[in-house]
Amino acid sequence: MAKFYVLIGPPGAGKGTQAKIIAEKYGLVHISSGDLFRENLKNETELGKLAQGFMARGELVPDDVTIGMVRDRISRPDCKNGALLDGFPRTPAQADALAVMLKEFDSKVELVPLIDVPAQTLIDRLSGRWSCRAQGHVFHEKFNPPQVAGICDIDGSELYQREDDQRSTVENRIKVYTQQTAPLIEYYQSRNLLVTVDGTKPIDEVSADLQAAIEKA
Ligand code: AP5
Ligand code: MG
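Because the structure is predicted, anything quoted here is derived from the model rather than measured. (Residues numbered from 1 in each chain as written. Chains lettered and ligands numbered in written order. Predicted model: local features only at pLDDT ≥ 70, side-chain atom pairs only at ≥ 80, totals over all residues. Heavy atoms only, no water.)

J.: Explain the overall build of the chain residue by residue, including any values.
T.: Counting its regular elements, the chain contains nine helices and eight strands. Expected size for 217 residues packed as a compact globule is a radius of gyration near 17 Å; at 16 Å, the chain falls within 12% of this value. Within the span of the chain, comprising 217 residues, buried residues form 49% of the whole. In the chain, once contacts between residues fewer than 6 apart in sequence are set aside, the share between residues at least 24 apart is 72%. For the chain, the accessible surface area stands at approximately 11100 Å², while carbon and sulfur atoms represent 50% of it. Computing the positive centroid from 26 side-chain charges and the negative centroid from 31, the chain places the two 2 Å apart. (Helix = DSSP H or I, 4+ residues; strand = E, 2+ residues; numbered from the N terminus. Rg over C-alpha atoms; globule rule 2.2 N^0.38 Å. Buried < 20%, exposed > 50% of the residue type's maximum accessible area, 1.4 Å probe, protein only. Contact = heavy atoms within 4.5 Å. Areas by Shrake-Rupley, 256 points an atom, 1.4 Å probe, with all protein chains shown as cover. Lys, Arg positive; Asp, Glu negative; His and termini not counted. Charge placed at Lys NZ, Arg CZ, Asp CG, Glu CD.)

J.: So what about the pattern of salt bridges? Which residues, and what values?
T.: A full pass over the atoms with the stated rule returns 13 salt bridges. Between Asp165 and Arg173 there is a salt bridge, with its nearest N and O atoms 3.0 Å apart. A salt bridge links Arg167 to Glu171; the nearest nitrogen and oxygen atoms lie 3.0 Å apart. Of this pair, Arg167 and Glu171 both sit in helix H7 (residues 167-181), four residues apart, which is roughly one turn of the helix. A relative accessible area of 39% means that Glu171 is categorised as partly exposed. (Salt bridge = Lys/Arg side-chain N within 4 Å of Asp/Glu carboxyl O.)

J.: I'd love a proper account of the nonpolar core, names of residues and values included.
T.: Of all hydrophobic cores here, the largest spans 34 residues; its most connected members are Ile31, Ile74, Leu98, Val112 and Tyr188. Residues in contact with Tyr188, not counting those within four places in the same chain, are Pro89, Ala95, Leu98, Val112, Leu193 and Leu194. Counting 21 residues, the second-largest nonpolar core is a separate cluster that includes Ala19, Ala23, Val117 and Ile123. (Core = buried A, V, L, I, M, F, W, Y, C linked by side-chain atoms within 4.5 Å.)

J.: Tell me about the UniProt feature "domain: Adenylate kinase active site lid" (unreviewed entry) in the chain, and name the residues and values.
T.: In the UniProt entry, the feature "domain: Adenylate kinase active site lid" (unreviewed entry) is given for residues 129-164. Secondary structure over residues 129-164 splits into 0% helix and 25% strand, and the C-alpha atoms at its two ends are 11 Å apart. (UniProt positions renumbered as here; feature names shortened; annotations may be inferred.)

J.: I'd like a rundown of the packing of aromatic side chains, residues and numbers included.
T.: The relative placement of two aromatic rings is captured by the distance of their centres and the angle of their planes. On inspection of all chains with the given rule, the structure shows one aromatic pair. With centroids separated by 4.9 Å and ring planes inclined at 80°, the aromatic side chains of Tyr187 and Tyr188 adopt a geometry described as edge-to-face. The class of Tyr188 is buried, set by a relative accessible area of 2%. The ring of Tyr187 is capped by Arg191, whose NZ or CZ atom sits 3.7 Å from the centre of that ring. (Phe/Tyr/Trp six-rings, centres within 6.5 Å; stacked < 30°, edge-to-face > 60°. Lys NZ or Arg CZ within 6 Å of the ring centre and 35° of its normal.)

J.: A description of the site of ligand 1 should follow, citing residues and the corresponding values.
T.: In the region of ligand 1, 36 residues are neighbours, and Thr17, Glu59, Arg90, Arg129 and Arg173 sit closest. Phe139 has a polar backbone atom sitting 2.8 Å from an oxygen atom of ligand 1. Put simply, the parts of the chain that give the shell around ligand 1 at least two residues each are helix H1 (15-26), helix H2 (33-42), helix H6 (119-127) and strand S6 (138-140). In terms of residue count, the dominant contributor to the shell around ligand 1 is H2 (four residues). (Near = heavy atom within 4 Å. Polar contact = N/O pair within 3.5 Å; in protein donor to acceptor, adjacent residues only side chain to side chain.)

J.: Quick one: what's the story with the sheet that holds strand S7 (residues 159-160), residue by residue and with numbers?
T.: Sheet strands line up and pair through hydrogen bonds in the backbone, either parallel or antiparallel. Taken together, three strands build an open sheet; the order of strands is S6-S5-S7 and the sheet is antiparallel. With partners counted over all chains shown, the strands left at the sheet margins are S6 and S7, one partner each. Where strand S5 (residues 129-132) lies against S6, three bridges are found, and the strand directions are antiparallel. Along S6, the bridge assignment pairs Trp130 with Phe139. (Pairing = 2+ DSSP bridges.)

J.: Any chance you could break down the packing of H2 against helix H3 (residues 46-57) for me, citing the residues and the numbers?
T.: Between H2 and H3, the least distance of the axes is 8 Å, while the angle of their chain directions is 120°. The chirality of how H2 crosses H3 is left-handed. Along the contact surface, H2 presents Gly34, Phe37, Arg38, Asn40 and Leu41, while H3 presents Leu47, Gly48, Ala51, Gln52 and Met55. Of the residues in the contact of H2 with H3, the class split is five nonpolar, four polar and one charged. (Axes fitted to C-alpha atoms, helices over the stretch in contact; angles between N-to-C directions. Left-handed = near helix turned anticlockwise from the far one by under 90°. Nonpolar A, V, L, I, M, F, W, Y, C, P; charged D, E, K, R; others polar.)

Take a look at the structure:
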């Protein structure tokens, strides 16, 4: 049966960083709803135009739009063995929709690791983050610097700073997380799917903790 994992955590917790490592290790497809929106924005699609204002303000894109986009992605043949979801679901309504769509594929969520990091650390991480244009690999000028400034170590593409990483937008994203996404902790705890990992540790230690949790599940 296909295996689906859901990484949750506040903005800057390290979801993208860890998803790349874990997806490669277990041969899973990495699906980041934020990366899908940014791809649509870059290609100037209708979906991208719709999402743009919400993203720039650090608000959530409406559930129906987000759910439709992820459903399309999960329906592609490369997800037949499962995927690692990063940044979706972000509301209980999205979590309900995910359960329904996975049921249609005769599957379910296996495990929901929460990467736990306090707010002040999130602000430091996002203000120093550099993201890769081609595939969304992430670096940090202090905590995980690329070998050559401005160039992705993995695919050689340009690194840039996300517009929504400016401080006022980051503060709003953290507020939105607390109000709209944090209820998922209780949602998945009550379904015995949640496992919490300390995201303040160095990147390789967080990866090791995540792998241990996945192998125990
Ligand atoms: P999205 O792109 O998902 O942003 P986010 O949740 O705010 O998360 P980030 O990508 O900012 O952080 P991350 O946890 O991936 O951290 P990273 O690994 O990069 O969403 C963007 C927007 O799209 C949303 O605001 C919303 O508008 C829209 N959207 C997306 N999904 C949606 C949904 N489901 N519903 C509605 N709207 C949606 O790491 C951060 C930095 O820290 C990096 O520099 C990294 O190098 C560094 N770092 C990572 N781990 C460590 C560590 N252990 N120690 C030190 N530094 C570390
Ligand atoms: Mg991310």
